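One-letter residues, chain by chain:
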Amino acid sequence: MKTGLLLINLGTPKDCTERAVRVYLKEFLSDPLVIDIHPILRTLLLRFIILPFRSKKSAAAYQKIWLKEGSPLLVYSQRFFKKIEEKLGPNVHVQLAMRYQEPSVQKALQSFKRFGVERIVVFPLFPQYSLAAWESATRHVWNLAEGKWPSDKLDVIPPFYHHDEFIKAWAQIGRKHLGEFTPDKILMSFHGIPERHCRKTVPADSNCCEVADCCNIMSARNRNCYRAQCFVTAKMLAKELNLSDDDWQICFQSRLGRTPWIKPYTDEVIKELAASGVKKVSVFCPSFVTDCLETSEEIAMRAKEDFIAAGGEQLELVPSLNADDHWIDSAANIARKYID
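Residues numbered from 1 in each chain as written. Predicted model: local features only at pLDDT ≥ 70, side-chain atom pairs only at ≥ 80, totals over all residues. Heavy atoms only, no water.

## So, the pairing of strand β3 (residues 119-124)
Burial of β3 is extensive: 6 of the 6 residues sit out of reach of the surface. Side chains Arg119, Val121 and Phe123 of β3 all project onto a buried face; the interleaved residues Ile120, Val122 and Pro124 project onto the opposite face, where all are buried too. Pairing of β3 with strand β4 (residues 154-156) involves 3 bridges; the strand directions are parallel. Looking at β4, one finds that valine 122 is bridged to valine 156. In terms of handedness, the path from β3 via helix α5 (residues 131-145) over to β4 forms a crossover that is right-handed. (Buried < 20%, exposed > 50% of the residue type's maximum accessible area, 1.4 Å probe, protein only. Helix = DSSP H or I, 4+ residues; strand = E, 2+ residues; numbered from the N terminus. Pairing = 2+ DSSP bridges. Right-handed = clockwise from strand over helix to strand, strands pointing away.)

This is the structure in structure tokens:
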């Protein structure tokens, strides 16, 4: 039985112009799993508030990090895809797709059909579970594949936030960075989500996001909670790097709008550290396997500027996994467990 492996990441504008960014944001933020409010309110919010103002701002940010080959997220994802394809060999037909924009999931599925793929393994490149990324991507694949492949011939690799291979790959990059730069503090900065998204994944009687330490312990009740999974990733990575509790802390970036998002907020933590006398900070971003706008611009540029403006001296981004050879081996090993 010929197997296809579908690597799926979030997506990116086709170029860094305001028009292209607006098209991307419209598709992305129209997803009811991303902005989960009444459709009419979502449309109004997009049309009159988000798109008119955020498109220009985001385009300017993309322009700062755009590579000669294109968007960093797409460029690094393509390099990852090519290495995985080579690592897995000719018996596995590998395709790369984005949840939003190009290369599309639809085209990837068409390629699988042309090559006679009978079984598909979907590999969402999101380490932790979230409604807005992992769930949205997998539902999208299922919807497009319905009627073309039997449900028992479509498998999905679950979130790998606690997989030893993933943690060791991050630690490999982290050790290299920490060997060259000795910070006073290490931040584990994860992409933020609205608190209500976490509450949708836990029992109704949970104290989700009501107390600061509600995610410190993983249990059957919060096993699908994004914030709890981030805590597991951070603790495992800190242990692998032999960090003490005082060496590091967790935080969450990229919040949008006025509704409460999961805390603590990265931008606030950075300023607080500078105000407390911390001079050098390293930032890991373990919710991303690929460097993108949120790492290369938000952290490596804006957060660095904010930290220095608040009294700090140096803030360095730890590069993401991208197409690192150790990560290629690790990702291939994760995939093989579902392919074989």
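There's more to say after this.
## Let's talk about the environment of histidine 197
Mapped onto the elements of the fold, histidine 197 is located in helix α7 (residues 195-199). Note on histidine 197: relative accessible area 3%, which makes it buried. The spacing of histidine 197 and valine 121 is 76 residues in sequence and 26 Å in space, taken between C-alpha atoms. A distance of 3.1 Å separates the side chain of histidine 197 from the side chain of aspartate 36, its partner in a polar contact. (Polar contact = N/O pair within 3.5 Å; in protein donor to acceptor, adjacent residues only side chain to side chain.)

## Re the sheet that holds β4
With parallel pairing, the 4 strands of this open sheet are ordered in space as β2-β1-β3-β4. Where the open sheet ends on each side, the last strands, each with one partner, are β2 (92-100) and β4. Between one strand and the next, the sheet's axes are offset by a mean angle of 25 degrees, whatever the strand orientation. As defined by bridge partners, strand β1 (residues 3-11) adjoins β2 across 8 bridges and the pair is classed as parallel. From the neighbouring strand, isoleucine 8 faces β2, where its bridge partner is alanine 97. In this fold helix α1 (residues 18-29) packs onto β1 and β2, with an angle of close to 95 degrees to the strand it touches most, β2. (Axes fitted to C-alpha atoms, helices over the stretch in contact; angles between N-to-C directions. Contact = heavy atoms within 4.5 Å.)

## What to know about the side chain of threonine 12
Considering the arrangement of structural elements, one finds threonine 12 in the loop between β1 and α1. At a separation of 2.7 Å, a polar atom in the side chain of threonine 12 contacts the side chain of serine 71. Among all residues touching threonine 12, those that are not within four sequence positions of it are Tyr24, Tyr62, Trp66, Ser71, Leu74, Tyr100 and Gln101.

## Regarding the side chain of serine 320
As for its placement among the helices and strands, serine 320 is situated in the loop between β8 (314-317) and α11 (325-339). On the accessibility criterion, serine 320 (4% relative accessible area) is buried.

## A word on the pattern of salt bridges
Taken as a whole, this structure holds 21 salt bridges when the rule is applied. Note that aspartate 36 is salt-bridged to lysine 200, the shortest N-O span being 2.6 Å. Of this pair, aspartate 36 sits in the loop between α1 and α2 (39-65) while lysine 200 sits in the loop between α7 and α8 (226-240), and the two are 164 residues apart along the sequence. If you follow the salt bridges from partner to partner, you end up with Asp36, Arg196 and Lys200 in one network. (Salt bridge = Lys/Arg side-chain N within 4 Å of Asp/Glu carboxyl O.)

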